[in-house]
Amino acid sequence: MTEGVGVRSGDLPDDLTAAEAGMWQAFRNGTVYDLRSGDPAEDDPHGGHPWGPERTVRARIVCWLLLDGPPALAGRVSSLKLTGVRIKDALELSGGTVVPYVEFKGCRFEQEVLLPETHFTTARLVNCSVPRLEAARVRTEGDLHLPRCRFHNGARLTDAHIGTDLLLNQAIVYRDRSGRSIAADGMTVGQDLQAELLESHGELSLRGAQIGGSLSLRGARLDNPYTRLALNAPQLTVERSLYLTPAAAGYSLVASGATPPQGTRVQRFACRGGIRLDDGRFGDAVDLEGARFTFTDDQELSLRRVQTPELRFLGGRPERGKVVLSGARIVNLVDRRTSWPGPGNIQMGGFAYENLVPQDAFPLARRLEWVASATAEYNPEPYERLASVLRGSGEDEDAREVLLAKQRRRRETLPVAAKLWGYVQDWTVAYGYRPGRAAVWMAVLWAATSVALTHAHHRPTGAEANPEWNPTLFALDLLLPVIDLGQVDQWQLRGGWQWLSTVVILLGWILATTVAAGATRLLRRG
């Protein structure tokens, strides 16, 4: 029978094999067509056991059913549900509109699956072996499920439009000729994109993708030793959260986020290769709890200009590479001291955050080291941001310590004369952030000078014959550069005591100047 003749009446075409005839009837019934043998090893679509003609259907017949299939039997809804079937030749549905429900489980595709610009209601490929998936601009009204599939030469979902959820849980994807495992630039997903326990061997590209719910890469392993990036997702928009966190291996992924039963193996998110999330927008959070990163020296976790209410930086410390937060805007920074890389491997120029929520002991001294490690050359901005956040949380004393550390760091960049003056300001009044020091220094100098002047050679200079010598008032008059107590004009010191009085006057002026400089700095800060 010629293709198309008698199809509308439901007649069985003459040239179908036995396996295809069974598939044809199952399609009209809307039932599952299962060709498994019952032996798990033999039925493994990823194994080496050959599947003969009794389990093989031609891709052309599959396309015939999906694009222009026979009517359903009375009281039935036609659908194609294949289990344990080998599909021969390339499955070519490019540009077509597929109305029936489509589900392949444990199937083996001998050649690539071509779905560019195809329109589905819902499509599911579960635990299938696929040489390559070409699905640029594919469109689904409902879900696109690809869990536990293996794509041997990559999957392309560029500019795809998924109406509800996209599932890639436990899929294994190898790179194509361009080095990408999954190319999904410009993709839109109406709800969640779940890729938990995914294995990606190559670059996972999500440039400009838009996710209406959450993007979950819990327990995923991204491995790209070939190029710089394992996850390339600049300008990614996620309405809720991005999860690069652990997942329970072997536990029902439907209950993601729930506490797994005791004894369940937990697999962390692990990435070998750079991650680029520049200019991303995340509605709830970016969660890196427990994540492990393996970078080379020229690779980085790049979060440039990211915007999110919460960044949970709670992963393992990268031994190499950089963490870049330049221009990022965060409300809550939830972090752990042991998660940040070492000196010189953090960049956070223009990084804005409003609250710090440390999850372990993170004393101020360590926090200052964190800031210093991000500024190979002096940059006041990270210090001022940290001080502002501490002041906003009521920790004024810590905020002053941060600003003092900023001045000390700045001092190292100054010429010798300015550096010496900086040391004077630091020793005396701590650049104005510890004004009590001035009073202490003044009291010490006053006491020492008073004791010394009790032995000074002096004589009166005025008309009064025998004025009373008061070394304490005389010392105070020397120290105070503005206030005149009338003592210095009444007495003249002799010999080396004149040099002592000159030194005391100079010290008084230095103290007064440093106090004034500190007060000016405090007023400017206020």
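The preceding data block contains the structure.
Residues numbered from 1 in each chain as written. Predicted model: local features only at pLDDT ≥ 70, side-chain atom pairs only at ≥ 80, totals over all residues. Heavy atoms only, no water.

**Structural notes on the sheet that holds strand E25 (residues 203-205)**
Pairing in this open sheet of 11 strands is parallel, and the strands run E5-E9-E13-E17-E21-E25-E29-E35-E39-E41-E43 from one edge to the other. On the outer flanks of this sheet lie strand E5 (91-92) and strand E43 (346-347), each paired with one strand and no other. (Pairing = 2+ DSSP bridges. Helix = DSSP H or I, 4+ residues; strand = E, 2+ residues; numbered from the N terminus.)

**Considerations on empty space enclosed by the protein**
This model, assessed by the stated rule, comprises three cavities of 30 Å³ or more. Taken as a whole, the largest cavity encloses approximately 110 Å³ of empty space. Lining the largest cavity we find 15 residues, and of these Val113, Leu115, Phe120, Ala123 and Leu125 sit closest to its centre. Only strand E7 (101-105) and strand E11 (123-126) provide two or more residues apiece to the lining of the largest cavity. Looking at the lining of the largest cavity, its residues break down into 15 nonpolar, no polar and no charged. Taken together, the residues of the lining of the second largest cavity sort by class into 13 nonpolar, no polar and no charged. (1 Å grid on protein atoms, 1.4 Å probe; cavity = no way out; pocket = protein on both sides within 12 Å on 5 of 7 lines; lining within 4 Å. Points joined across faces, edges and corners; volume = space filled by probe spheres on them. Nonpolar A, V, L, I, M, F, W, Y, C, P; charged D, E, K, R; others polar.)

**Examining the packing of helix H5 (residues 380-392) against helix H6 (residues 396-411)**
One can describe the packing of H5 onto H6 by two numbers: an axis separation of 8 Å at closest approach and a directional angle of 170°. As the angle between them shows, H5 and H6 are arranged roughly antiparallel. Touching Pro380, Tyr383, Glu384, Leu386, Ala387, Leu390 and Arg391 of H5 are Asp396, Asp398, Ala399, Val402, Leu403, Ala405, Lys406 and Arg409, all from H6. Grouping the amino acids of the contact of H5 with H6 by side-chain chemistry returns nine nonpolar, no polar and six charged. (Axes fitted to C-alpha atoms, helices over the stretch in contact; angles between N-to-C directions. Parallel < 35°, antiparallel > 145°, perpendicular 65-115°, else oblique. Contact = heavy atoms within 4.5 Å.)

**Some remarks on the pattern of salt bridges**
Should the charged atoms of two oppositely charged side chains come close, the side chains can pair. Summed over all chains, the structure comprises 26 salt bridges. Across the pair arginine 240 and aspartate 284 runs a salt bridge, and its minimum N-O distance is 3.6 Å. One end of the pair, arginine 240, is in the loop between strand E30 (237-238) and strand E31 (241-243); the other, aspartate 284, is in the loop between strand E36 (281-282) and strand E37 (285-287), with 44 residues separating them in the sequence. Among the residues examined, aspartate 284 registers a relative accessible area of 36% and is labelled partly exposed. (Salt bridge = Lys/Arg side-chain N within 4 Å of Asp/Glu carboxyl O. Buried < 20%, exposed > 50% of the residue type's maximum accessible area, 1.4 Å probe, protein only.)

**Here we look at a positive patch on the surface**
Where like charges cluster on the molecular surface, the positive patch consists of Arg221, Arg265, Arg268 and Arg292. If you trace the backbone, arginine 265 turns up in the loop between strand E32 (247-248) and strand E33 (266-267). (Patch = residues over 30% accessible without salt bridge, like charges linked within 9 Å, V, L, I, M, F, W, Y side chains within 5 Å. Areas by Shrake-Rupley, 256 points an atom, 1.4 Å probe, with all protein chains shown as cover. Lys, Arg positive; Asp, Glu negative; His and termini not counted. Charge placed at Lys NZ, Arg CZ, Asp CG, Glu CD.)

**Comments concerning the packing of aromatic side chains**
The relation between two aromatic rings is expressed through the spacing of the ring centres and the mutual angle of the planes. Applying the stated criterion to the full structure yields eight aromatic pairs. Judged by centre distance (4.0 Å) and plane angle (10°), the ring pair of phenylalanine 313 and tryptophan 340 falls under stacked. Note that phenylalanine 313 is positioned in strand E40 (residues 307-313) and tryptophan 340 in the loop between strand E42 (329-335) and E43, a separation of 27 residues in sequence. Across the pair, tryptophan 340 and phenylalanine 313 agree in class, each one buried. Between phenylalanine 351 and tyrosine 353, the ring centres sit 5.1 Å apart and the planes meet at 40°, which makes this aromatic pair tilted. Tyrosine 353 matches phenylalanine 351 in its accessibility class, with the two residues each being buried. Put simply, the rings of Phe313, Trp340, Phe351, Tyr353 and Trp370 pair up and form one aromatic cluster. Sitting over the face of the ring of tryptophan 51, arginine 108 holds its NZ or CZ atom 4.2 Å from the ring centroid. (Phe/Tyr/Trp six-rings, centres within 6.5 Å; stacked < 30°, edge-to-face > 60°. Lys NZ or Arg CZ within 6 Å of the ring centre and 35° of its normal.)

**Concerning the nonpolar core**
One finds Phe104, Phe109, Leu198 and Phe269 to be the most contacted residues of the largest nonpolar core, which totals 110 residues. Considering every element that reaches this core, the biggest residue donor is helix H3 (residues 59-68), with seven residues. For leucine 198, the residues in contact, after removing those within four places along its chain, are Leu168, Gln170, Ala171, Val173, Ile182, Leu204, Leu217, Ala220, Arg221 and Leu222. (Core = buried A, V, L, I, M, F, W, Y, C linked by side-chain atoms within 4.5 Å.)

**Observations concerning H6**
Under the 1.5 Å per step criterion, the end-to-end length of H6 is 23 Å for 16 residues, consistent within 8% with the ideal 22 Å. Within H6, the full set of buried residues consists of Ala399, Val402, Leu403, Leu404, Ala405, Lys406, Gln407 and Arg411. (Expected span 1.5 Å × (residues − 1).)

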